[in-house]
Structure formats: structure tokens, C-alpha cells
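# Examination of the molecular architecture
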Amino acid sequence: MKTRLLLLATCLTTLLVCPLLSVFAGPPAPASGEPILIGTIQPMTGPYAAFGVKFYQAYNMAADEINAAGGIKGRPIQIVFEDSQDKLDLAQTAARKLVENPKIVALMGGRLSGAGMAIAQIAEREHIAYLVDHPSADIITKSGFQWTLRLNPASSFNSVPLQKFMKEYAKDIKTVALLYENSVYGKGVTEPLKAWLPQNGYQVVVSELYPPLALDYRDLLNKVKAQNPDLLFLASNIPDSALIIRQSHELGLTPKMICGAGAGFSINEFIEQAGDAANTVFSTGPWSGNPKDPKVQELAEKFYKRFGHYPKEHEAEGYSAVYVMADALRRAKSFSRADIHDALLATDLQTVFGPVKFETFEGYTNQNNGLKNGQVVLSQWQNRRLYNVWPSDVSEAKPMYPGTYK
Amino acid sequence: MKIIPYIQSMVNGLLVGSLYSVIAMGLTIIFGVMRVINMAHGELIMLGMYVAFWAFTLFGLGQMAALLISLPLFLVLGAAIYGGVVSRVERRAGEMGTLLVTAGLAYLVANAAQLVWKADFRSLPSALTTRSVFLKGISLNYSLLWAFLAAVILTAVTYLFLIYTDAGRAIRATAQDREAAALMGVQIHRVNMLAFALGTALAGMAGVLLTPVFYVYPYVGRVFLVKAFVVVVLGGMGSIVGAWLGGLLFGVVESVASMFIPSGYRDAVGLVVFLLVLLFKPSGLFGRSRV
Amino acid sequence: MRKLALAILAAVFLVVYPLLVHNRFFLHLSIMVLLYALLGMSWNLLGGYTGQISFGHAAFFGTGAYTSTLLLLRFGLSPWLGMFVGAVLALLLSLPLGWLTFRLRGPYFALSTLAFAEIVRVIVYNWDTLTGGGDGLNILTDLGGVVRFYYIILALTVAAVLVMRACVRSRWGYFLNAIREDEDAAEALGVPATRMKVIVLAVSAFFVALGGSFFAAYQLYINPDLVYESQISIQMIVVTIVGGIGTLEGPAVGALIIVPLSEYFRGISPVANPLIYGLFIVMFMLFLPEGIVSRVRRLLTRPTGAVVEERDQVSAHI
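Below: a short report on this structure.

So, how was this worked out
Residues numbered from 1 in each chain as written. Chains lettered and ligands numbered in written order. Predicted model: local features only at pLDDT ≥ 70, side-chain atom pairs only at ≥ 80, totals over all residues. Heavy atoms only, no water. Pairing = 2+ DSSP bridges. Helix = DSSP H or I, 4+ residues; strand = E, 2+ residues; numbered from the N terminus. Axes fitted to C-alpha atoms, helices over the stretch in contact; angles between N-to-C directions. Contact = heavy atoms within 4.5 Å. Buried area = accessible area lost by both parts, 1.4 Å probe. Salt bridge = Lys/Arg side-chain N within 4 Å of Asp/Glu carboxyl O. Nonpolar A, V, L, I, M, F, W, Y, C, P; charged D, E, K, R; others polar. Expected span 1.5 Å × (residues − 1). Bend = angle between axes of the 7 residues up to and from the residue. Buried < 20%, exposed > 50% of the residue type's maximum accessible area, 1.4 Å probe, protein only. Patch = residues over 30% accessible without salt bridge, like charges linked within 9 Å, V, L, I, M, F, W, Y side chains within 5 Å. Areas by Shrake-Rupley, 256 points an atom, 1.4 Å probe, with all protein chains shown as cover.

This next bit is on the sheet that holds strand β14 (residues 376–382) of chain A. Residues and elements named next belong to chain A. The seven strands lie next to each other as β7-β6-β8-β9-β10-β14-β15, forming an open sheet whose pairing is mixed. This sheet does not close on itself; its edge strands, each paired only once, are β7 (203–210) and β15 (385–390). Neighbour-to-neighbour, the strand axes of this sheet turn through a mean angle of 25°, independent of strand direction. Bridge analysis of strand β6 (residues 175–181) against strand β8 (residues 231–235) gives five bridges, and the strand direction is parallel. Each residue of the ladder has a partner; that of leucine 178, found in β8, is phenylalanine 233. Sheet strands in contact with helix α6 (residues 160–168) are β6, β8, β9 (257–260), β10 (282–286), β14 and β15, and its direction is about 75° off that of β14. Most of the contacts of helix α8 (residues 218–227) go to β7, to which it runs at about 175°, and overall it touches β6, β7 and β8.

Structure below.
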């Protein structure tokens, strides 16, 4: 008898608690009607939430500007966010949920390369356009997907500025250590470089594929230090990037150059968490727009005024993605998913991120040719700000080489 | 051949190992006395980490203060868990039951923590956690050094408590031979509760020491649980000295091994050690041979 | 006689169910219920009947999932065939595990299964040329609709029930009970304890792997954290405890309760979902450790006037 009562009590408590838990469920679904809905999957919570916030800010800023200027044929656009926590299975569930909402006309975002791949497959099956603005793995646009379009550079483009820098400027680099995280991003960015290095006379002294979100990298970095490389190349997200730099600083690891591959190395959180240890660390990857372009400078100031920090790669990508969407929506014959897809395919637009045109070349489908457009650069943290340093025609500062990592 | 990296590796291993020791000590006391495996031990450590984190972030309290808060806090928590959950289940469902219920508890606590505190990784400001000093080319992180010292002191205090106080002796007696202890007038139920509370308090305080060194997030407990088990089995279930030495040894083995194997397999080192010890010397370095 | 009629009725209902119910979500739920019933029953054979609590069954689940998926992706082998390859592989994998750990008792056994599953996960995670590493594997081929999946999992679960039933109703059933109650005494009486444990583990692993392959085909995406994580093991355990550890129908009943609740909570927040597993394990271990089926059975067969000592009843099932 007592047991049954207690069981009953548990069930009742659980049922009563349910509605309370819905407090944690996030913002309610948007009201239907006028707005044109674009769905996006971003990490809103979890260890990579910092990235999701950037897209949240950038998308909303762009959407607000477009809506203030009259929207699309009088209708405002609205971005619908789903949280993936940068977990691939949650990203899939989120994408499916968005696709099942008939009011959502297209998808964008994804953040993690792996998530991008998962979303691309769903988009291909369900016939909805997916605009990739950040996931960089080559495979996303090398699988022949018709419904996926990417405006940002593919991972294999990312290390090209570094390669040029090594050949043209830092000619005394001989040995290289590669530390990259076990993910599509880590491998996608590093493997092309890993193949290029021995072909060009460099020696790879350490190559470690490490599990991300580890608590302590001292042993790994100690191993690297034992080999004394000239260049340490890292492919990590935040918080790993900051932790690795802090711990290498602590261990006294001082190569001639430390270079990250975008992601965790090209965002403000990096300098906030790594502090002075991150000074003179380089990053090779997508740019955040041509710093000499007045439109880019204007965006930087607007962003700083509203959010308190300067936009970088992610914000530039997100902001441009919304503009690309808006441009397609204006040209589309109707607001059906198929017509929007067709309109996107025909995009030829100058954005803050540079030119956007979806081309098919070298096995890529619907890929914006970032290499040709010069949308990948080498930048460096100097005095707590990230400056483009190579190639010189888009540079804002002179590269400080060798870096001072003491 | 350069020797410095290997020395650095061993030093790192020793420092981190002492933290493993503190984590394992709590678990070994509980097992030694009650033959209960507390699958929720890792979550208790996680709670200790959050206590230290919030104490600093919300109230600006340092580690010493956090340690002083967590001692009574976790003693009470441990007693409550024992009285409210573990003892009842043990009576009704035996050893297996406690295994299952503590596993359930672990799951519950970790996910409740995520619900309340979100899955974000937290850490103390880097200015506090990255200061280090160089000694003949070997880098020593301040927080790790301090944690090492604190761990040694905690181990010594626990050891002295167990040897020289009545309560401590009661615990040891029960661990050695439960029936005999009962016959000698030891209140087994009280001793159990004390042991569980003590083990929990050690876990919580270990968490406080870990906060400046590792990221704090709801599932971090799982990582430490496995390490705790490895050390407990290595050192011998129920042995304090075993837990201390086992922790140091394990820390060094893990660190040095990772110089030679791909970093992805680092976590497997502990697991393999664990299985090997269970296979060839289940009583560990200092424990009793009953398996 | 009545029991047979009931069984036939239930079987007919299960078979025509998808023809009656067209709601995709309900079909999804029933598939999940059947899957967890399958997993729970397999775990229960080792845990409830033989008294060996394993936290490492995720190793077999993941092995099944990865084997059938890799065979599909590399060789185009249908997962409905590949899953048997996976199941055999899991069975083979269980043999060294059994050999390693069956001399250990109680908590030591449980811990080693945990360590074993973690080692397997780490290997799969790092061997990325074979398994795709941390980012897992995606299945692009169309494997059929929800209804087809329903019938497949139904068939698998029914097969498992029949096999389990054969195991526990036979002489083996007595052996397993004896081992659970007191292994040394059983051995003294001539029960080949270690051999039985190895067999039971192998059967258990086989069916759990089938479940893993099914899961992979259904979800169309797997990675080491999804299929090798302890959450899988916990899910098997919770449905068994809730339903009735040591009973045949227990896991099915447990799955019927847990799965819909879990999906409901998942809709609210992806975090609330695993929380209820922990909550239910704790609540049931505290107040109803023998599970619902055992309790209901006792209530139905309680002789008039006799007060049954709770303690003895429970120990028969834990």
C-alpha cells in the first residue's frame, strides 16, 4: 500500500514538474502569418555556444536592416533558431523539425562541418534549399548535392594563405607539428596541408589527431615540445584553442610560428580566454571581409556599437548569408521551396564577405570559389586584435614573424 | 636523447596524480567499509567543482573558503544520500541494488546539473589558472602545485583521522571484519553513514581543488569516476595508502604513456591498466585478496 | 488455455497495428518501445536472471550498429543481412570479455564491463580510417518507410522473446537462478557456472547487436558517442528495472512506460529526457525494486490472509 502511494506520488510529481520544465524549452514558436521564415540550426547552448551567439547576432542584425528597408515585397524575414548544441544527432533532429514546418522556406547555418553534412543530406532528401555559411568540410559540396549551396570557402582552401606565407615570407621554417581535432573540420582543414608539406620539402615531426574537449593538453604539448618544431599548426574550436595556447605558453613551447586554422582561433573569445599568451598567434582561413572596403568598415562600426565587439569571420558569413537569402527571395518567382532554390542558384552578389556566386568546378557543386576571390587570408593577433597580414593587398598590418610566444 | 620532456611528463603526472588520489580516497573508504560501489562518486566531484566555481564567480571566494564550505556541505549531503537512498536500497536489494541505484543517481544528478547550469564549459579566469614557474626548464603550474599540496594534506589528515580517532578506528574495524566489529559494540549503521559521508566530503573537496585546473561542466563527473576506479583497484579497495600511491602511480603512467601513444588513446591507458590489475592482482597493491 | 488466447490476440493486434494507426509519430513510438523491449530483455537475461549486472552492453550495441552500417556503405550489403554479421561479431567480442571478467564477482564485474565498453568506444573513435571517427557515419540510401521498420523490429523482438523463453523455461533457467542466488553453492552442486555465464553473455550480446544494427538503419546516422555511450546501457537497465528485473515481460512493460515519457520530455528539452531515466531508476530501486510485473503478479496470486515478507520476494529477483 505504502509502495503504491509512493509510486503514485512520484508520477504526480513528475507530471506537475513537466510544465515547469517547459521554461527551459526556449523561445516559443513564432506566430504564423506575414513573416517569411528561414530556419537555422546553431549551437545555442553547450561548449560551442559562443559560436551560435555570433550567428544569432549577425543574422538578426542583417534581418533587422532588411526589414527596416521594407523587407521582401513588404513582408519581413524572420530567422527561426533551433539549438543543436553542436551535437550531430541533435542537429539532425533540429533540421527535421524545421523541414516539417511548411512555413520555413529555406535552411542556413549548421556551424559544425559534421552538422552541415547531416543537414545537407536532409535537405537533399526533402527538397529544401540549404545555404551553408560556415561549415567548411569539402565533402559538403563535393557530394553532388543539388539542394546545398555554400558561400564560404571549403576547408581545403583554408591553409593556402599559410602555404603562400611559408613560401614567400617565413622561408626558414623547416619542421612542422600538426595538432588537429578529431572531427570533419579538423581533418578537412589539416589533411590537405599534411599532404602538401612533404611535397614541398617540409618535414612533419608530429601529427596528432586528438579528441576535442579534453581537460588537459599538457601531455600532448609536451610531446610536441620534445620535437621542437618551427611551426605549430592547430585546428581547434573554442575552448580547446584557448586552452592549448595557454598550456603551451605555460610549458614554454616557443616555435617560430603558431598558426591556427580559423574556428577557435579567429574569434574574440579566443583572445579573451587565452589572454596575452595568444599574442602573435596566426590564423589561416576565411576572412571577415576586405578591411579596405568602406562597407566592411561600416558594418564593423555598426556591429561594435550594437554588440560591443568587432565582427569577424562568423559574423561576416552570417550577415552575408541573410543578404544572399534576401536577394534570392526578391528574385524568386514565388515563395515555394523549389523557386527559392532556383533563385539561389542564380546568385551573383557582392556582399560584405566578398563576391558570392555558386559555381561548379573541380568536383565542387554550388560552391563559391573563395580561393579565386581571395576570401581566405592569413591573419595575426596583435595587441588583442586580429589583423589580416597576408597577402599584402588585403593586409591591415605587417606580420610579426617570428612570433613571440614566451 | 633529450631527457627534459620526460621529466616534465613525470612531474605533470605526479601533480595530476595527487588529485586522482584524493578522488579515489573517498571511493575506497566507502567500498572498504560497506562494499558499496558508489557510481555517483564522479557527480559528487562535479558538484564540488561547481561549488568552487560559483563561490568564486558569485561571491568572490577563494579556494580556501570553498574548501571550508564544502566540508560540512558534503558531509551532510553524503549522510543524506546514505540514509535516504543507499541504506534503504541495500536492505531491500543488496549489493546489486546499490550498484543500480547509485548508477541511477549519477545519471539524475548529472542531467539535473545540465538543466540548471546549462551545458556550457566554465572555468575560472585564466589569469588565475595559468601562472607557472620554471625550475631548471621544467614548468610547474601554480594551481596544480597548490592542488598537489592540498591533496597531500588532505590525505594525511584523513589518514590520521582513521588511525587516531575513535570514529576512525570504528571505520577501520568495520572494514576489516564487519561481524567482529558489531560484536565489539560498533554501531554498524552509524559507521556506514559516517564512511559514506566522509567519502562524499572527500569527493566534494577534490572537486574544489580541481576547479582551477580543469573545465567545469555537468558531465565531467564521468571522466573522474573512471579514473577513481582505476586508482582504487590499483591501490587496493579499502586502502588509504593504496589510494594515495595508486593515484600518483597512475598519474605518472598516464602521462609518460602519452609520450609514446597517439593522444586519442590516452584515456584507454587507464582502462587497460584497470582490466590488467583486475585480471592479475585484483587485490591491488595494498588491498585484501577478497574479490 | 486463456493464456494462449491472450497471446494470439496480442500477436494479431501487434501485426495489424500499423494498418490501423497511420500517425507517423505513434508508429515511431511503437518502434522505439519494441526496440527497448528487445534491448531490455537481452540485458535482463544476464542481469536479472543470472544476476550479473553489466554496464557495458553498449559495446555490443555499437558493434552491431557499426558493422551493419560499414558493410552497407563499403559493400552495399543490406543492413537486414548485415545485422546478422554484426550480431555474430558481437557474440565473438563477448567471448574474451566473458573470459576476462567472469572470475570477478558483483561490483568488480560491473566495473570491468564499463571499462570494456569504454575501451571499445575509444578504439572505434580513434580508428577513423575505418569508422569515420568522431563524426560518425551517414547512411544515404533509402531503407524503406516507417511501416517496414515496424515489422522488422517486431520480428526481431518476437524472436528474442522466444529465445529467452526457451532459455529460462528449460533446465538452463534453473541453472541461471542458482547462479544468481549463490554462485559458489551452484558450482558445488554441479552447475557449470562459468560456461553458463559465457553462453548467456553471448546470447545477450547477439540480440543487443541486432538492436544496434536496427537503430543505425533507422536513425541513418551513428557516431561513437551515440551508440557506445553509457546512455544506451542505462536505457536498457531502466526499462528492465521499471518493468521487472528477472521477469520475461518486464522489459516490455518497462519500455511501454519509459519510451513515451522519454519522447515527451525530449520534446520539451533535450536535457530533461535522460534525467527521467535516472529519476526512475532511483525511485523504483527505492520503492519498487522488483518492478511492476513482479508486483502485479504477486498481487494477483497472493493467497488469502497471508502476508508475504517483502524482503524475501525481492531477493529472488535482484
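Moving on: the interface of chain A and chain B. Taken together, the contact between chain A and chain B spans 30 residues of the former and 38 residues of the latter. By the criterion of area lost to chain B, the three top residues of chain A are A:Leu215, A:Asp219 and A:Glu250, representing 26% of everything that side buries. Linking chain A with chain B are one salt bridge, by the criterion used here. Notably, a salt bridge pairs B:Arg266 with A:Asp219, separated by 2.4 Å at the nearest N-O pair. Mapped by element, the contributors of at least two residues to the side of chain A that touches chain B are β7, α8 and α9 (240–251) of chain A. Top element by residues in the side of chain A that touches chain B is α8(A). It accounts for seven residues. Looking at the side of chain A that touches chain B residue by residue, the classes come out as 15 nonpolar, seven polar and eight charged.

Next up on the list: helix α2 (residues 24–49) of chain C. All names here are of chain C. Taking 1.5 Å of rise per residue, the 26 residues of α2 would be expected to cover 38 Å, and the 36 Å separating its terminal C-alpha atoms lies within 8% of that figure. Along α2, the sharpest change in direction is near 40° and occurs at tryptophan 43. Taking burial as the measure, the 26 residues of α2 include 23 buried ones, the bulk of the element. Of the residues one or two after α2, glycine 51 is the one with positive phi, at around 75°.

For the rest of this paragraph, the subject is a nonpolar patch on the surface. Residue and element names in this part refer to chain B. Residues Tyr159, Val241, Leu245, Leu249, Val253, Leu285 and Phe286 make up a contiguous nonpolar surface patch of roughly 570 Å² in combined accessible area. Per element, the largest residue contribution to the nonpolar patch is four residues, and it comes from helix α10 (residues 240–257). Locating valine 241 in the fold gives a position in helix α10.

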